[in-house]
Each structure stands twice: as C-alpha cells, then as structure tokens.
Amino acid sequence: MKKINILWMLIGCLFLVTSCSDDDDSSAVASLQVIKSDVSFTAIATTGTIEVQSTSAITAVSNQDWCTVTVNGNVVTVAVPTYTGLVGRNAVVEISNALDGKVRVPVSQAGGVWYVKGDDAYGLSDEESTIIIPVKSDYDYTVDLPAWITGEKVKEGYNLTLAENTTGNARKGTVTFTSERGAKKIVFLQFGINDIAGTYEATYSVYGDNDQLVEETKTFKLVQDAENEELFYAEELSSIGGLVIPLKFNSETYQLSVFAGQYLGYIASKGWYLYTVVTSEAGYVHADAALAYSAIAEFDLDDEAVMPSFPFKDEKGFSFATSDGTIKSYLDGLEVYVFKSQSPSFSGGNALGYYDMFKNLSIKKVELKE
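Procedures and definitions
Residues numbered from 1 in each chain as written. Predicted model: local features only at pLDDT ≥ 70, side-chain atom pairs only at ≥ 80, totals over all residues. Heavy atoms only, no water. Helix = DSSP H or I, 4+ residues; strand = E, 2+ residues; numbered from the N terminus. Pairing = 2+ DSSP bridges. Axes fitted to C-alpha atoms, helices over the stretch in contact; angles between N-to-C directions. Salt bridge = Lys/Arg side-chain N within 4 Å of Asp/Glu carboxyl O. Buried < 20%, exposed > 50% of the residue type's maximum accessible area, 1.4 Å probe, protein only.

Caption draft 1: The arrangement of the environment of Val 71 in detail. Tracing the chain through its elements places Val 71 in strand E5 (residues 68-72). When the C-alpha atoms of Val 71 and Thr 49 are compared, they prove to be 9.7 Å apart, with 22 residues separating the residues in sequence.

What follows is the structure, encoded as structure tokens:
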C-alpha cells in the first residue's frame, strides 16, 4: 500500500514540473513585435507605416518634431514634411503597449536634390532655336516663361524653344525655375543682323585746345543696305552733310567693322577726295584697306530694353613699316581724311589731313527700330 502511494506522489510531481515549464514558455513570447515598416523617406512630404503585433492597445511617440505619428489599431502612420536640407536626417518612433512592451523604430529622410545647371545668360541668333537646360529635382518645380519661349520637361532636364525674333530689335526674356529649394533665373537674348539698324549715340575723342583730347557725343543713324544685309551706312556721323560711312557686320562673330581706304566721295568745289583712314596708338595714319577698326556687340542685360553697343578696339594689333623700321601698334581711331587725288596715298603731298576724327570710338543704339 505504501508503494502505491509513493508512485502516485511521483506521478503528481511530474505533472507539477510539466505545468511550470509551460508557464515559462508563455511568458517568453514578446507582447509587442514589429511586423513591417516603411519609414525610409525621400525629401518630399509623404507618409509611411509601421505595422506591429501586440496583445494590447499601443501608443507611439516620435523624438523629433518634424516626424509626426498617429495610431490606428496596430498600425502607426508616420508623416514627414518636405525637407530642403542637403544632408539627410533621422528620428526614432517609440511604440509601447499596456503590458510594458516597447520597440524603437528608426525613421530616415534623405536630403533633397535640386539644381538647374547652365549659364546665367545665353545669347542666341534671331532664328528659332532650342536649348536643353539640365535640371534635376526631387521636388516639384515650376517654370515661368516669356510669351515667345515655350518649354517642356524632358529626361535630360527642361527643353526650351525660342521663337524667331522678327521685331527688328534685340530682345531678352527671363526664364525662372522655382522649387521649394529656391529659384534659378536664366536670361535669354536674341540678336541678329536685322536688329542693328536704328538710332545710335557715338562717343569719341577729338583734339581740342593745346592738342588735348576732349570727349564728344553725337547722335546718328545706322541704315542697312537694301541689297547687302551685312552692309550698313552711318548717316550724320560725319560733319560733312550727306556723307555716309560704310560699316560691315559679321553675323558669326557679331563684329561691326569700318575699313580703311574706303572712298566716301568728292567735293568738287574744293577738289577734295574723301576716304576713311584709321589711326594707330603709335601716332600714324593708315589707309590700307586690309585694316579694320572693329567692335564686338555688347549688351547691358540690366537695361529694360536691351540695346547693342559697339566699343571699337583693336585686340590683336598689327605691324607696319616706317622709315625707322617695323613698328607694332594698335588701332585707336577712325578718320574721314582728305586727299588731292582719287588715291588714298600719303606720298607727294597728296594727303591734306583729316576732316572728321573719331578716336576711341564707341557707339550704342538708343532708339528702337521703327
């Protein structure tokens, strides 16, 4: 009988050990687990979620003000605003339940990319043209365009089409790219050979008292030749009534030039033959028709109406022979010169001297073409 009681006592102890082991396994199961999370963000404002498994209601808090959270059941929604910083940022969302379960989930938001590459200004001809401006942006952006420029987003950036300029004057337009990261302005200028004619103001120097150079200004007109579009005539620049000075424009280099040795006319009452000549800094006068006093078109884009200006200047210099040997100098002026015969030579007393002098000449358009 005692043996049977001992056996039942042993069986009872086995049940007790088994029961304790089951209780320990149940307590090892976490009361809160993250099932799935999607909280790695780009720079754009958006939301993501954290899904959890919990045996009781959950709460969630963020350690950063820019990262906000809301809870709906076992789903935590994480919201971030648009970020305009270059370097990414991080936050932590802490989720808890009533059983003191707790998990921490890292949140990241990348820095945003925004750039518009290219120059601040582009000079183009009057013909219709297209140009692609490289743009890369993690943000939505807008493009403000003048009426004569159209555009569209393309894979490489933003494609702009400039309509043909038929106004008869240079024109400019500003294209503005704007995103949450800022704005980029690019100025486009259209200018061609048909925009040159018009009214100009000339600034130049002449010799005054005691042979000192003094500055003068004069208003004149540039008129385009009816047959040769590259040829222009300066009317009323010379003090000789009715005399015009020819200038030539190069559409590829945007260079306006006046050549030496150009026959301008004859004044019968005085027996004068008039030619263009150029002067050099070395103090010489030159009638060689191969020499040109030139200027490349410049623009002040800050002006409300862009007007071409032509500051005449010799950038390269030239060499010429004199009785003292070969001299290198630079052209520095234009003159209307008087000769006795229809030949611009300086020998035998043929050269009588200058009638008009335009030293350090610069001209700027001051009125729009009508």
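Caption draft 2: Structural context of the sheet that holds strand E16 (residues 182-190). Strand order in this open sheet of four strands is E10-E16-E15-E12, and the pairing throughout is mixed. This sheet does not close on itself; its edge strands, each paired only once, are strand E10 (121-124) and strand E12 (141-144). Neighbour-to-neighbour, the strand axes of this sheet turn through a mean angle of 15°, independent of strand direction. Here E10 pairs with E16 via four bridges, running parallel. Residue pairing across strands places Gly 123 opposite Leu 189, the latter belonging to E16.

Caption draft 3: Structural view of the pattern of salt bridges. Scanning the model with the defined rule gives five salt bridges in all. Salt-bridge contacts for Asp 120 lead to Lys 184; the nearest nitrogen and oxygen are separated by 2.8 Å. Of the two residues, Asp 120 sits in the loop between strand E9 (114-116) and E10 while Lys 184 sits in strand E16, which places them 64 residues apart along the sequence. When the shortest N-O distance is used, the salt bridge between Asp 303 and Lys 364 registers 3.3 Å. Placement of the pair is Asp 303 in the loop between strand E25 (292-296) and strand E26 (309-311) and Lys 364 in strand E30 (residues 351-367), with a sequence separation of 61 residues. Under the relative-accessibility criterion, Asp 303 is labelled partly exposed at 24%.

So far we have only geometry, and geometry alone does not tell us how the molecule works.
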